[in-house]
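Single-letter residue listing:
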Amino acid sequence: SQQGEEDPQALSIQEGENATMNCSYKTSINNLQWYRQNSGRGLVHLILIRSNEREKHSGRLRVTLDTSKKSSSLLITASRAADTASYFCATDEAGGGNKLTFGTGTQLKVEL
Amino acid sequence: DTGVSQDPRHKITKRGQNVTFRCDPISEHNRLYWYRQTLGQGPEFLTYFQNEAQLEKSRLLSDRFSAERPKGSFSTLEIQRTEQGDSAMYLCASSSRGGPSVYGYTFGSGTRLTVV
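Residues numbered from 1 in each chain as written. Chains lettered and ligands numbered in written order. Predicted model: local features only at pLDDT ≥ 70, side-chain atom pairs only at ≥ 80, totals over all residues. Heavy atoms only, no water.

### Things to note about the interface of chain B and chain A
- With 25 residues of chain B at the contact, the number on the chain A side is 23 residues.
- Note on chain B versus chain A: buried area summed over both sides is about 1800 Å², and carbon and sulfur give 45% of it.
- Summed over the three residues of chain B that lose the most area to chain A, namely B:Ser101, B:Tyr105 and B:Phe107, the buried surface amounts to 25% of that side.
- Here chain B is connected to chain A by 1 salt bridge.
- Here B:Glu56 ties to A:Lys99 by a salt bridge, and the two come within 2.8 Å at their closest N and O atoms.
- For the pair chain B and chain A, the interface holds 5 residue pairs in polar contact (both at pLDDT 80 or more).
- The set of elements that each furnish at least two residues to the side of chain B that touches chain A consists of strand 4 (31-37), strand 5 (44-50), strand 9 (88-95) and helix 1 (100-103) of chain B.
- Here the side of chain B that touches chain A is built from residues that sort into 12 nonpolar, 8 polar and 5 charged. (Contact = heavy atoms within 4.5 Å. Buried area = accessible area lost by both parts, 1.4 Å probe. Salt bridge = Lys/Arg side-chain N within 4 Å of Asp/Glu carboxyl O. Polar contact = N/O pair within 3.5 Å; in protein donor to acceptor, adjacent residues only side chain to side chain. Helix = DSSP H or I, 4+ residues; strand = E, 2+ residues; numbered from the N terminus. Nonpolar A, V, L, I, M, F, W, Y, C, P; charged D, E, K, R; others polar.)

Spelled out as structure tokens, the structure:
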């Protein structure tokens, strides 16, 4: 089953603009992670934020976490055509047994 | 190559046939996961190994599905009597002793199964 819902399902922006994707989830978590998937390929781990953290940065990525609202956002700044991919949030549920539960994903298209 | 390897990349099979997929995780990783992903959806958990022990199986893993990880190294996922609904991307991932809570997963490129 899918833990999270991501919003929007699809996003199209111009190169250089910022892209924001949101993830909502249902249960208590240990941490939340974001992954990128290029078409027809495996997923690549981008960033992990723990339940006691509110914000984290990695390069052009900024992730926020609001455990009271059970939501997270991923911001990609100064987007590039190479950022075109699907982005998934994944939750490590408290008591969930050492596995990740993935959301439904946001398809990002960055146009030149 | 130090990544997660999956073989084959693509498999087309006739309904009713058996198929087997292989996953070679990162050698230092003791945890290995199988997920299934259908078009437009996120990966769904199938099963998880710590070393050679299969610690959890999803309800998605019907009796036709079996997974093994002999000697705690590579893993195989077998689907017997395939059905068209089994068509999907089968993803393998591994993680280190700290588990996904510390470092997340490293995924393979997946095996795309098409049942005709």
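### Some thoughts on the pattern of salt bridges
- Here the structure, examined in full by the defined rule, presents 6 salt bridges over all chains.
- The residue A:Arg62 makes a salt bridge to A:Glu55 at a minimum N-O spacing of 3.2 Å.
- What makes A:Glu55 partly exposed here is its relative accessible area of 41%.
- Shared partners join several salt bridges into a network, and the residues in it are B:Arg64, B:Glu83 and B:Asp86. (Buried < 20%, exposed > 50% of the residue type's maximum accessible area, 1.4 Å probe, protein only.)

### Section: the nonpolar core
- Ranked by internal contacts, the top residues of the largest apolar core, which has 21 residues, are A:Met21, A:Leu32, A:Trp34, A:Leu74, A:Ile76, A:Tyr87 and A:Leu108.
- At the level of elements, strand 3 (19-24), strand 4 (29-37), strand 5 (43-50), strand 7 (61-66), strand 8 (71-76), strand 9 (85-93) and strand 11 (106-111) of chain A are the ones that each hand at least two residues to this core.
- The contacts of A:Leu108, once residues within four sequence positions are left out, are A:Leu11, A:Ile13, A:Ala19, A:Met21, A:Ile76, A:Asp83, A:Thr84, A:Ala85 and A:Tyr87.
- B:Leu32, B:Trp34, B:Leu46 and B:Leu77 belong to the second largest nonpolar core, which has 19 residues in total. (Core = buried A, V, L, I, M, F, W, Y, C linked by side-chain atoms within 4.5 Å.)

### Here's the deal with the sheet that holds strand 6 (residues 55-58) of chain A
Residues and elements named next belong to chain A.
- Read across the sheet, 5 strands follow the order 1-3-8-7-6 without closing on themselves; strand pairing throughout is antiparallel. Each of the sheet's edge strands pairs with one partner strand only, and the pair in question is strand 1 (5-7) and strand 6. Strand-to-strand twist of the sheet, defined as the mean angle between neighbouring strand axes without regard to direction, takes the value 15°.
- One ladder, built from 6 bridges, connects strand 3 with strand 8; its direction is antiparallel. Bridged to Ser 24 within strand 8 is Ser 71. (Pairing = 2+ DSSP bridges. Axes fitted to C-alpha atoms, helices over the stretch in contact; angles between N-to-C directions.)

### Notes on the sheet that holds strand 8 (residues 75-79) of chain B
Residue and element names in this part refer to chain B.
- Reading across from one edge, 1-3-8-7 is the order of the 4 strands in this open sheet, with antiparallel pairing throughout. Edge strands, defined here as strands with exactly one partner in the open sheet, are strand 1 (5-7) and strand 7 (65-68). On average, each strand axis in the sheet is inclined to that of its neighbour by 15°, with strand direction left out of account.
- Alignment of strand 1 against strand 3 (residues 19-24), held across 3 bridges, turns out to be antiparallel. Counterpart to Ser 5 in the pairing with strand 3 is Asp 24.

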